[in-house]
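Take a look at the letters that make up each chain.
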Amino acid sequence: KQALNIVKMKKMKTEGVPLSMLTAYDYPSARLAEEAGIDLILVGDSLGNVVLGYDSTLPVTIDDMVYHTRSVTRAAQHTFILADMPFMTYHGSIDETLRGVRRLMQEGGAHAVKMEGGLEICSTVSALAAAGVPVMGHIGLTPQSVNMIGGYRIQGKDAKDAQRLMDEALALEAAGAFAILLELVTEEVAAAISKALSIPTIGIGAGRYCDGQVLVYHDLLRYTADYREKRFVKTYADIGSLIREGISQYVQEVKQRTFPEESHVFGADESVLESLYGA
Ligand code: KIV
Ligand code: NA
């Protein structure tokens, strides 16, 4: 099976075929996502929160992203894979940005990158597109700017904010972005943006009318140590509970010496007993 590409994604939008996207951060998660038929995998910098245990995405580095992207691209060789540009790696010189992108694509094996921001990143998006790098824009709630925004709040509630988001989306499309992620945007605004653009929109907490949807792996599977209910998430499986139950049963069986059982052990020849304990 061929991986999806950005030309097919745009065609899917015009045909009204939704895009399914999921984050993944390592070999087993990416392998299972591919086997389940996901269209796009995002190696999100949400890995800072969900697999590295930070309380924001700010500490995530290019090294972290390359390390995780490599394991994902090894696992899912027939899926379009995007990697996030982490905090503080694409607002300096274009040379520095290019070095980071080079690492995610050449060392990590990603097909494209995603970056947060509106008008301020448009010249970078253009430069990357000119260099052959597909860029997904990311507007609405942009977690790397949490300290500017003052929290994780819904975007596009009033007319002024709606217009700002629309302007950002149009500018990113004009700059050459191949798609735009809308995070925590009101449904009406996400719908209007999706209609106005010819490139696909992918929503998370952005309502029913985006051209695609994305969720964080650990959210959809409730696979996390400190799971918190989020309105925009649907839990499709509760593997956190399954894992906890499985491990606690293992602990009990080790304590009770009921694991390992006879079927799990390796026996030696009788002569071994003689040599160990005498005749
Ligand atoms: O890092 C991430 O997981 C994201 C989400 C918006 C999907 O960017
Ligand atoms: Na992200």
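What you are looking at is a predicted structure, and each value in this text was computed from that prediction instead of being measured.

1. Concerning the site of ligand 1
Move 1: Around ligand 1, the surrounding shell consists of Thr23, Leu42, Gly44, Asp45, Ser46, Asp84, Leu181, Glu183, Ile204, Val214 and Val216.
Move 2: Its residues assigned to classes, the shell around ligand 1 comprises five nonpolar, three polar and three charged.

2. Describing the packing of helix 6 (residues 122–130) against helix 8 (residues 159–175)
Move 1: Relative to each other, helix 6 and helix 8 sit at 25°, their axes nearing to 8 Å. Classed by the angle they form, the pair helix 6 and helix 8 counts as roughly parallel. For the element pair helix 6 and helix 8, the recorded crossing hand is right-handed. On the side of helix 6, the interface is formed by Cys122, Val125 and Ser126, while helix 8 contributes Ala171, Leu172 and Ala175.

3. Digging into helix 2 (residues 27–35)
Move 1: Taken residue by residue, helix 2 has Ser29, Ala30, Ala33 and Glu34 as its buried positions. One side of helix 2 carries all its buried residues, which in axial view fall inside an arc of 130°. Seen from the buried face of helix 2, the exposed residues on the opposite side, beyond 90 degrees, are Pro28 and Glu35.
Move 2: Here the buried face of helix 2 lies against strand 1 (19–23), strand 2 (40–43), helix 4 (62–75) and helix 10 (217–220).
Move 3: One or two steps after helix 2, the chain reaches glycine 37, where phi turns positive at roughly 90°.

4. Description of the nonpolar core
Move 1: Of all hydrophobic cores here, the largest spans 68 residues; its most connected members are Ile41, Val43, Leu82, Val113, Val135 and Ile180.
Move 2: The leading source of residues in this core is helix 4, at five residues.
Move 3: Excluding residues that lie within four positions of it along the chain, valine 113 makes contacts with Leu82, Ala83, Met85, Val101, Leu104, Val133 and Val135.

5. As for the environment of serine 145
Move 1: The residue serine 145 is located in the loop between strand 5 (135–140) and helix 7 (146–149) in this model.
Move 2: On a C-alpha basis, the gap between serine 145 and threonine 57 in space is 9.5 Å, while along the polypeptide they are 88 residues apart.

6. So, the UniProt feature "binding site: 3-methyl-2-oxobutanoate" (unreviewed entry) in the chain
Move 1: In the numbering adopted here, UniProt assigns the feature "binding site: 3-methyl-2-oxobutanoate" (unreviewed entry) to Asp45, Ser46, Asp84 and Lys114. What stands out for the annotated residues spanning 70 residues is how close their C-alpha atoms remain, the widest pair being 12.4 Å apart.
Move 2: In this structure, serine 46 sits in the loop between strand 2 and helix 3 (47–50).
Move 3: The residues contacting serine 46, other than those within four sequence positions of it, are Thr23, Thr57 and Val216.
Move 4: Examined against the element boundaries, lysine 114 turns out to sit in strand 4 (residues 112–116).

7. Describing unusual backbone geometry
Move 1: Look at the link from phenylalanine 259 to proline 260: it is a cis peptide, with omega at -5°.
Move 2: A positive phi angle is found at leucine 184, which is not glycine, with a value near 45°.
Move 3: Among the secondary structure elements, leucine 184 is positioned in the loop between strand 6 (179–183) and helix 9 (187–196).
Move 4: Classification of leucine 184 by C-beta neighbours within 10 Å gives buried; the count is 21.

8. Focus: the pairing of strand 1
In the case of a regular strand, side chains alternate between the two sheet surfaces.
Move 1: The element strand 1 is extensively covered by neighbouring structure, given that four of its five residues are classed as buried.
Move 2: Looking at chain direction, strand 1 and strand 2 are connected through three bridges and run parallel. Paired with leucine 22 across the two strands is isoleucine 41, which belongs to strand 2.
Move 3: Tracing the backbone out of strand 1, into helix 2 and back to the parallel element strand 2 gives a crossover that is right-handed.

9. Considerations on helix 12 (residues 270–277)
An α-helical segment advances 3.6 residues per turn. Residues three or four places apart therefore align on the same side.
Move 1: Burial runs low along helix 12: only zero of the eight residues are buried.
Move 2: Positive backbone phi, approximately 80°, marks glycine 278, located one or two places after helix 12.

10. A word on the sheet that holds strand 1
Move 1: Read around the barrel, eight strands follow the order 1-2-3-4-5-6-7-8 and close on themselves; strand pairing throughout is parallel. Mean inter-strand twist for the sheet, computed between neighbouring axes without regard to direction, equals 25°.
Move 2: Relative to strand 8 (residues 212–215), strand 7 (residues 201–204) runs parallel, the two being bridged by two bridges. Each bridged residue has a counterpart across the sheet, and for glycine 203 the counterpart in strand 8 is glutamine 213.
Move 3: Contacting strand 5 and strand 6, helix 8 crosses the sheet at an angle of about 175° to strand 5.
Move 4: Packing against the sheet, helix 9 makes contact with strand 6 and strand 7, and its axis sits at approximately 165° to strand 7.

Quick notes on the rules
Residues numbered from 1 in each chain as written. Chains lettered and ligands numbered in written order. Predicted model: local features only at pLDDT ≥ 70, side-chain atom pairs only at ≥ 80, totals over all residues. Near = placed C-beta within 6 Å. Nonpolar A, V, L, I, M, F, W, Y, C, P; charged D, E, K, R; others polar. Axes fitted to C-alpha atoms, helices over the stretch in contact; angles between N-to-C directions. Helix = DSSP H or I, 4+ residues; strand = E, 2+ residues; numbered from the N terminus. Parallel < 35°, antiparallel > 145°, perpendicular 65-115°, else oblique. Left-handed = near helix turned anticlockwise from the far one by under 90°. Contact = placed C-beta atoms within 7 Å. Buried ≥ 20, exposed ≤ 12 C-beta atoms within 10 Å, placed from the backbone. Arc of directions from axis to C-beta. Core = buried A, V, L, I, M, F, W, Y, C linked by C-beta atoms within 7 Å. UniProt positions renumbered as here; feature names shortened; annotations may be inferred. Pairing = 2+ DSSP bridges. Right-handed = clockwise from strand over helix to strand, strands pointing away.

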